[in-house]
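Next come the chains, spelled out residue by residue.
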Amino acid sequence: MVTAAEIEALFEDEPRSLDSSIYSPLEKAAIWFALGLLLSVAFGLIFANDFFWTDGLKPIVWDPIVKDAGTAGDAGYSPENTALYACTVLLCVLILQAVFRKWNLPADDRMMYALIAWVVLAPVLRVLEDSDFFNSDIDWLLISPIIHLHLAVWLIATAFISHKMASKWDGSTEDEDREKSRTTLFVLLGMMLFLHWSMLYQPSYATHPEIEKYWIALSFPVALYCLFHILVRTADWPALTRGLIAFGSAASVLGLFHWLQFIATPWQQESGRVVESQPLWPALIVLGLPAIACYYLYRYGKDDARHMKLTDYEPGVLPDGITLKSWESDAEKVAHHPVEQLSRKALMANPMVLAMVFGQLCDGFATMVGIDLFGYGEKHPVSDAVIQFGIGIADSMGLEPLMESDNPPGAWLFTIVKAVLVAAIVWLFVEMRVERRQVHLRMLIVLAVLIVGLAPGLRDIGRLTLDV
């Protein structure tokens, strides 16, 4: 029986992959292009403001944000800003993965859990903005795409403080060192959480003097408990990852308790509307069905994932130094390596794959329930085109509108498209192999998919539950 080390020895004479600290030509080009673009826009805003701002970015980007934050709310996306946002995300993924790799930042399952907590935080805050909770002076900070830039500042600050102040105790098994790390992080992140509350929540209470504050009063103490509990449970994690998941989770709990306050005592909307009913059953469908799918995926792959962990290899990641071209040049040579034998099933239980499956299905079911049953509308032009096609099919079949909708059901087609899309993504990740230097790229691709899948899906179910 050939061993993994013997298989890897067969690649000693093959060209080695680039060192992780070296940028590839494409990465260098992307970085210089981004810097040139930023300088061009900066000079344009100064010396050609009418062209770059008044007739350019303002109507495409800023005006929809202002409209979305206003009384009318829910400004739709245009083909222009959709294309702009998509290109920006792709460019950011390419650049940031190179920078993160060079800085040797973690790109493991723990980091994925931490980033998921921050993806959840975005819709938690966004739904509160939809409910007109936040003060009108700051609500534009909670509108896409500003909300992602806004939270990125908090994320970077959290990561920097956690790593700078507590990383010196990473890897220590001494109780005294672990206590110092936990205490330091709890005090610093607790102060950051208070700053987060005082900047976003506290100014908004005066806007709603009529509401009771039972759940609001509980929100900060429970968030602090969540912060402390996660720090205790992650004692063996690196300080950076540990701080990110603790603060992201605590901030999400803080926002969710304000959801509970709205359910208990709804405040009046800026439009004058007062919520009368808050259906909870859509959450069972939108969250329950994706959770069932993820449960069976996890059961299918958990054994191989455990075996993979015992081999000290990561699912889908080639041994250090081996290029993808060399690995794929002789399938028989690597067929008995753990990466090939275990990765396919192990990836089914991987948090990256499970998060993408849950997020995309959540978005699909939330869109279907919201539009076909409750009469909501779709903001994204591509998604709306799919839904309109579904309405056309339903209309040709003579189907009548359901519940509160004015049109025949059409978002069912969007859900089917999402299910097919997520199946294709799972197949791609199961079959894909990446070099060691590409693990950050894979993680950021997943993060981008979560931002456009899980985040809007959770926002949709939040709006349905709060009826805003």
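Residues numbered from 1 in each chain as written. Predicted model: local features only at pLDDT ≥ 70, side-chain atom pairs only at ≥ 80, totals over all residues. Heavy atoms only, no water.

Explain the overall build of the chain residue by residue, including any values.
From N to C terminus, the chain includes 19 helices and zero strands. The C-alpha atoms of the chain give 24 Å as radius of gyration, which agrees with the globular expectation for 468 residues (23 Å, within 12%). Taken over the C-alpha atoms alone, the chain extends approximately 70 × 65 × 55 Å along its principal axes. Buried positions account for 47% of the 468 residues belonging to the chain. Residue pairs in contact within the chain that sit at least 24 positions apart in sequence constitute 80% of those at least 6 positions apart. Summed over all atoms, the accessible surface of the chain reaches about 23400 Å², with 65% contributed by carbon and sulfur. Distance from the positive charge centre (33 side chains) to the negative charge centre (52 side chains) of the chain: 7 Å. (Helix = DSSP H or I, 4+ residues; strand = E, 2+ residues; numbered from the N terminus. Rg over C-alpha atoms; globule rule 2.2 N^0.38 Å. Buried < 20%, exposed > 50% of the residue type's maximum accessible area, 1.4 Å probe, protein only. Contact = heavy atoms within 4.5 Å. Areas by Shrake-Rupley, 256 points an atom, 1.4 Å probe, with all protein chains shown as cover. Lys, Arg positive; Asp, Glu negative; His and termini not counted. Charge placed at Lys NZ, Arg CZ, Asp CG, Glu CD.)

How would you sum up the packing of helix H6 (residues 146–166) against helix H7 (residues 175–200)? Please name residues and give values.
Running from N to C, H6 and H7 point in directions that differ by 160°, and their axes come no closer than 10 Å. Of the possible angle classes, the one that applies to H6 and H7 is roughly antiparallel. Considering how the two elements wind past one another, H6 and H7 form a crossing that is right-handed. Of the residues in H7, those in contact with His150, Trp154, Ala157, Thr158, Ile161, Ser162, Met165 and Ala166 of H6 are Ser181, Thr184, Leu185, Leu188, Leu189, Met192, Leu195, His196, Met199 and Leu200. In terms of residue class, the contact of H6 with H7 is made up of 12 nonpolar, six polar and no charged. (Axes fitted to C-alpha atoms, helices over the stretch in contact; angles between N-to-C directions. Parallel < 35°, antiparallel > 145°, perpendicular 65-115°, else oblique. Left-handed = near helix turned anticlockwise from the far one by under 90°. Nonpolar A, V, L, I, M, F, W, Y, C, P; charged D, E, K, R; others polar.)

Pulling in residues and values, what's your account of the pattern of salt bridges?
Tallied over the entire structure, the rule returns 15 salt bridges. With a closest N to O distance of 4.0 Å, arginine 306 and aspartate 303 form a salt bridge. One end of the pair, arginine 306, and the other, aspartate 303, are both in helix H11 (residues 281–310), three residues apart, so they sit about a helical turn from each other. What makes aspartate 303 partly exposed here is its relative accessible area of 41%. The partner of lysine 418 in a salt bridge is aspartate 363, with the nearest N and O atoms 3.0 Å apart. Placement of lysine 418 in helix H17 (residues 411–431) and of aspartate 363 in helix H15 (residues 351–373) is noted, with a sequence separation of 55 residues between them. Taken as a pair, lysine 418 and aspartate 363 share a single burial class, namely buried. One salt-bridge network, held together by shared partners, links Arg126, Glu129, Asp130, Arg459 and Arg463. (Salt bridge = Lys/Arg side-chain N within 4 Å of Asp/Glu carboxyl O.)

If you had to explain the packing of helix H10 (residues 239–264) against helix H19 (residues 454–466) to someone new, which residues and values would you point to?
The angle between the axes and the distance between the axes are what describe a pair of packed helices. One can describe the packing of H10 onto H19 by two numbers: an axis separation of 10 Å at closest approach and a directional angle of 25°. As judged from the angle between their axes, H10 and H19 are roughly parallel. Each of Trp259, Phe262 and Ile263 in H10 lies in contact with H19, whose residues at this interface are Leu458, Gly462, Thr465 and Leu466. Grouping the constituent residues of the contact of H10 with H19 by class yields five nonpolar, two polar and no charged.

Describe a nonpolar patch on the surface, naming the residues involved and giving the relevant values.
A cluster of nonpolar side chains, namely Leu39, Phe43, Leu45, Ile46 and Phe47, defines an oily patch on the protein surface of about 560 Å² accessible area. Residue placement: leucine 45 occurs in helix H2 (residues 25–47). (Patch = residues over 30% accessible without salt bridge, like charges linked within 9 Å, V, L, I, M, F, W, Y side chains within 5 Å.)

Lay out H7 in plain terms, naming residues and giving numbers.
With 26 residues, H7 should reach 38 Å at 1.5 Å per residue; the first-to-last C-alpha distance of 37 Å fits that figure. Residues of H7 that are buried include every one of Ser181, Leu185, Leu189, Gly190, Met192, Leu193, His196, Trp197 and Leu200, and no others. Structurally, H7 contributes buried residues whose contacts are with helix H5 (109–130), H6, helix H8 (202–205), helix H9 (214–233) and H10. (Expected span 1.5 Å × (residues − 1).)

How would you sum up the side chain of threonine 415? Please name residues and give values.
Position of threonine 415 relative to the elements: it lies in helix H17. Assessed through its relative accessible area of 9%, threonine 415 is described here as buried. Residue contacts for threonine 415: discarding those within four places in its chain leaves Gly364, Phe365 and Met368.

Can you lay out unusual backbone geometry for me, pointing to particular residues and giving the numbers?
The omega angle of the peptide bond from serine 144 to proline 145 is 0°, so this bond is cis rather than trans. Take proline 145: it is sitting in the loop between H5 and H6. Unusually for a residue other than glycine, asparagine 104 sits at a positive phi of about 60°. Take asparagine 104: it is sitting in the loop between helix H4 (79–102) and H5. Here aspartate 312, not a glycine, exhibits a phi torsion of approximately 70°, which is positive. With respect to the helices and strands, the residue aspartate 312 is situated in the loop between H11 and helix H12 (324–329).

Residue-level account of the environment of leucine 57, with values.
Structurally, leucine 57 is set in helix H3 (residues 49–69). Once residues lying within four places of it in the same chain are set aside, the contact partners of leucine 57 are Val41, Phe52 and Trp62.

Please provide a residue-by-residue account of the environment of arginine 437, values included.
Checked against the element boundaries, arginine 437 lands in the loop between H17 and helix H18 (439–452). In this structure, the C-alpha to C-alpha distance between arginine 437 and valine 452, residues 15 residues apart in sequence, is 25 Å. Those residues in contact with arginine 437, other than ones at most four positions away along the chain, are Leu18, Asp19, Ser20, Ile22, Tyr23, Ser24, Glu27, Gln97 and Arg101. Among the polar contacts made by the side chain of arginine 437, one reaches the main-chain carbonyl oxygen of aspartate 19 at a distance of 2.8 Å. (Polar contact = N/O pair within 3.5 Å; in protein donor to acceptor, adjacent residues only side chain to side chain.)

So what's going on with the environment of phenylalanine 51? Which residues, and what values?
Mapped onto the fold, phenylalanine 51 is located in helix H3. Along the sequence, phenylalanine 51 and proline 25 sit 26 residues apart, while their C-alpha atoms lie 33 Å from each other.

Mind laying out the nonpolar core, listing which residues take part and the relevant values?
Counting 98 residues, the largest nonpolar core has Met112, Leu125, Phe134, Leu193, Tyr201, Val357 and Leu450 as the members making the most contacts within it. Beyond its immediate stretch of four places on either side in the chain, valine 357 contacts Cys294, Leu297, Val422 and Val426. If you look at the next biggest cluster of nonpolar residues, it comprises 10 residues, including Met308, Val334, Val339 and Ala346. (Core = buried A, V, L, I, M, F, W, Y, C linked by side-chain atoms within 4.5 Å.)

Now, about the packing of aromatic side chains: what can you tell me, with residues and values included?
All told, the structure shown has 21 aromatic pairs when counted by the stated rule. A ring pair is formed by phenylalanine 262 and tryptophan 267, whose centres lie 4.7 Å apart and whose planes are at 70°; its orientation type is edge-to-face. In this pair, the class of phenylalanine 262 matches that of tryptophan 267, namely buried. Both rings, one in tyrosine 295 and one in tyrosine 296, keep their centres 5.3 Å apart while their planes meet at 75°; by these two values the pair is edge-to-face. According to the relative accessible area criterion, tyrosine 295 is partly exposed, its value standing at 45%. Taken together, Phe133, Phe134, Phe194, Trp197, Tyr201, Tyr205, Phe220, Phe262 and Trp267 form an aromatic cluster joined through their ring pairs. Taking the ring centre of phenylalanine 11 as reference, the NZ or CZ of lysine 333 above it sits at 4.6 Å. (Phe/Tyr/Trp six-rings, centres within 6.5 Å; stacked < 30°, edge-to-face > 60°. Lys NZ or Arg CZ within 6 Å of the ring centre and 35° of its normal.)

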